[in-house]
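Secondary and tertiary structure notes
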Amino acid sequence: MGLASIPSPAQGAWDLGIIPIRAYALCFIAGIAFGAWLSERRWRARGGTPGTIYDIAVPGVIFGLIGARLYHVITDWQTYFGARAIKEPYQALFIWEGGLSIWGAVALGGVGLWLACRRRGLSLRDVADTVAPGLAFGQAIARWGNWFNQELYGSPTTLPWGLEIDRAHGGDPGVLYHPTFLYESLWDAALGFALILAGRRFALHHGRLFAVYVAGYTFGRFWIEGLRIDPVGGVDHAVLLLGLRINQWTSILLFAGALIYLWANRAKDREEVMAARSG
């Protein structure tokens, strides 16, 4: 082992009586809580009704968790179903074991937010611009759950910040791995600050700040995903299409979509009127 490295936690869960406390879940809860807090502050600073973000966050989070798990199970279905499955089908419901995808979370979480915004007479695009930085910071916090689960790591490396992975999680003795969870956490945090600065400096309304978030996140996710060696779409290997992983292709498509949206809405500089129905 190198003189400098990042150790992995010896355990990711603690028993509180009969209730297991899992670090993976705590990291996600902390990420959601911080993202909602920051988004609420930004909403109120823009003249929005206090408590609005907290109210609409509830269906957004519920739908988002469902979507995050669905995307993971669909793209990694061979882990739970089929002759080569290494887990039982019912374990697809065990979100605390890892396996929550940001793609599914944003997609189905957006549906939850849209329903909540529609009910209150709010502009989904305006809300999306408000929550974009909080979403990035929330992801930065949540990624540490992967550290506790010893997952989301990259290829072997000799860099001094290499990550130790034990044999039970696929690591080899004396080998360090790229801490891709850390790379993504740092990228997301930097993106969060960049979004706040961009929102202050430029008139990015009508969903354009959220489009910048999508473009920025997918740009970083593409190269980070290329470092990973854990299987996605297969049991003992990652499914590749033209040499790229599934999540890399998703990044490419969403990045292109974000750029197209920014171009199509480049002249919309006026801030939307924030309104909400009472009750």
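Residues numbered from 1 in each chain as written. Predicted model: local features only at pLDDT ≥ 70, side-chain atom pairs only at ≥ 80, totals over all residues. Heavy atoms only, no water.

The protein is annotated in an unreviewed UniProt entry as Phosphatidylglycerol--prolipoprotein diacylglyceryl transferase of Nonomuraea composti. As recorded by UniProt, the Sequence similarities (unreviewed entry) comment attached to the protein reads in full: "Belongs to the Lgt family." Under the UniProt heading Function (unreviewed entry), the note attached to the protein is "Catalyzes the transfer of the diacylglyceryl group from phosphatidylglycerol to the sulfhydryl group of the N-terminal cysteine of a prolipoprotein, the first step in the formation of mature lipoproteins." (UniProt positions renumbered as here; feature names shortened; annotations may be inferred.)

What follows deals with the environment of I74. Tracing the backbone shows I74 in helix α2 (residues 52–75). Judged by relative accessible area, which is 59%, I74 ranks as exposed. Note: C-alpha distance between I74 and A92 (18 residues apart in sequence) is 10.0 Å. (Helix = DSSP H or I, 4+ residues; strand = E, 2+ residues; numbered from the N terminus. Buried < 20%, exposed > 50% of the residue type's maximum accessible area, 1.4 Å probe, protein only.)

What follows covers the pattern of salt bridges. Summed over all chains, the structure comprises 6 salt bridges. The residue D126 makes a salt bridge to R46 at a minimum N-O spacing of 2.6 Å. Linking D126 in helix α4 (residues 124–142) with R46 in the loop between α1 (23–45) and α2, this pair joins segments that are 80 residues apart in sequence. A relative accessible area of 3% means that D126 is categorised as buried. R228 is the salt-bridge partner of E225, the closest N and O atoms lying 3.1 Å from each other. When sorted by exposure, E225 lands in the same class as R228, which is buried. Taken together, the shared-partner salt bridges in this structure form one network comprising R143, E184, R221, E225, R228 and R245. (Salt bridge = Lys/Arg side-chain N within 4 Å of Asp/Glu carboxyl O.)

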